Every structure is written in structure tokens, then in C-alpha cells.
Amino acid sequence: MNRLHAFLFGSIESIDIHSDSSDGQELRTKALASIGIFDAPVPVRMQPALLGADYVLVQYKAGLLREAHADVLVLN
């Protein structure tokens, strides 16, 4: 079922977490949980924050019914 869903609607390609947090593992766990992913089957990269904002960039692969796109989630 997951393969069919990915074929039709795309899937997550990568996740970039931009933050200056000293505890990267805890931030990674919280960020993934906030978007409903607990066992990340995709690459997750930690990077320094840009422009003083902590955020998560989720990049999606294209599917048959949906184009490739990205979502940005600002971390509080």
C-alpha cells in the first residue's frame, strides 16, 4: 500500500533540519515526531540555522498525481 501511495502521490525525499541547538538528537526526534515520522526511512541532515530561524525543510519526490515540492516547518 505504501508503494502505491508513493507512486500516486509522491514520497519524502529528504529532511533538512536547520538549527543552532546544542542537542541535535533531541531536536531531530522532536522534529520528526511533529511531522508524524518516527522511524525515518529517508536521509535527515542537521545544518546550522540560516537567517536566525530554526526550521525543518521536507523535500518530496513527485508522484503521478502530485508534483515534487517542499514544505517548511518553523520550529518554536
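Everything discussed here concerns the structure shown above.
Presented here is a report on the structure given in the accompanying data block.

Definitions and cut-offs
One numbering rule holds for all chains: residues counted from 1, following each sequence as written. The model is predicted, so local features are restricted to residues of pLDDT at least 70 and side-chain atom pairs to those at 80 or more, both for listing and for counting; the totals for chains, interfaces and linings are taken over all residues. Based on all heavy atoms of the structure, the side-chain values leave hydrogens and waters out of the count. We count a salt bridge whenever a side-chain nitrogen from Lys or Arg sits within 4 Å of a carboxyl oxygen from Asp or Glu. In this description a helix means any DSSP run of H or I spanning at least four residues, a strand means any run of E spanning at least two, and both kinds are numbered starting from the N terminus. The buried label applies to any residue whose accessible area, calculated with a 1.4 Å probe on protein chains only, is under 20% of its type's maximum; exposed applies above 50%, and partly exposed to all values in between. Here a cavity denotes a set of grid points, spaced 1 Å apart and computed over the protein atoms alone, in which a 1.4 Å probe fits but from which it cannot get out, and a pocket denotes an open set meeting protein on both sides within 12 Å along at least five of seven lines; residues with an atom within 4 Å of a point are reported as lining. Grid points are joined across faces, edges and corners, and a volume is the space filled by probe spheres set on the points. Throughout this entry, Asp, Glu, Lys and Arg are counted as charged residues, while Ala, Val, Leu, Ile, Met, Phe, Trp, Tyr, Cys and Pro are counted as nonpolar. The remaining residues, Gly among them, count as polar.

**Focus: the pattern of salt bridges**
Pairing is possible between side chains that carry opposite charge, provided their charged atoms lie close to one another.
Move 1: Across all of its chains, the model carries 2 salt bridges by this definition.
Move 2: When the shortest N-O distance is used, the salt bridge between glutamate 26 and lysine 30 registers 2.9 Å. On the criterion of helical spacing, the pair formed by glutamate 26 and lysine 30 is a turn pair, its members being 4 residues apart in helix α2 (residues 24-34).
Move 3: Residue glutamate 26 is classed as partly exposed on the basis of its relative accessible area, which comes to 38%.
Move 4: Look at lysine 30 and you get exposed, because its relative accessible area is 53%.

**Quick look at the layout of surface pockets**
Move 1: In this structure, the largest pocket spans a volume of roughly 270 Å³.
Move 2: Lining the largest pocket are 13 residues, and of these His5, Ala6, Gly10, Ser11 and Ile12 lie nearest its centre.
Move 3: Looking at the lining of the largest pocket, the element that brings in the most residues is helix α1 (residues 2-9), giving 4 residues.
Move 4: Split into classes, the residues belonging to the lining of the largest pocket amount to 6 nonpolar, 5 polar and 2 charged.

Shape descriptors only; they carry no functional weight alone.
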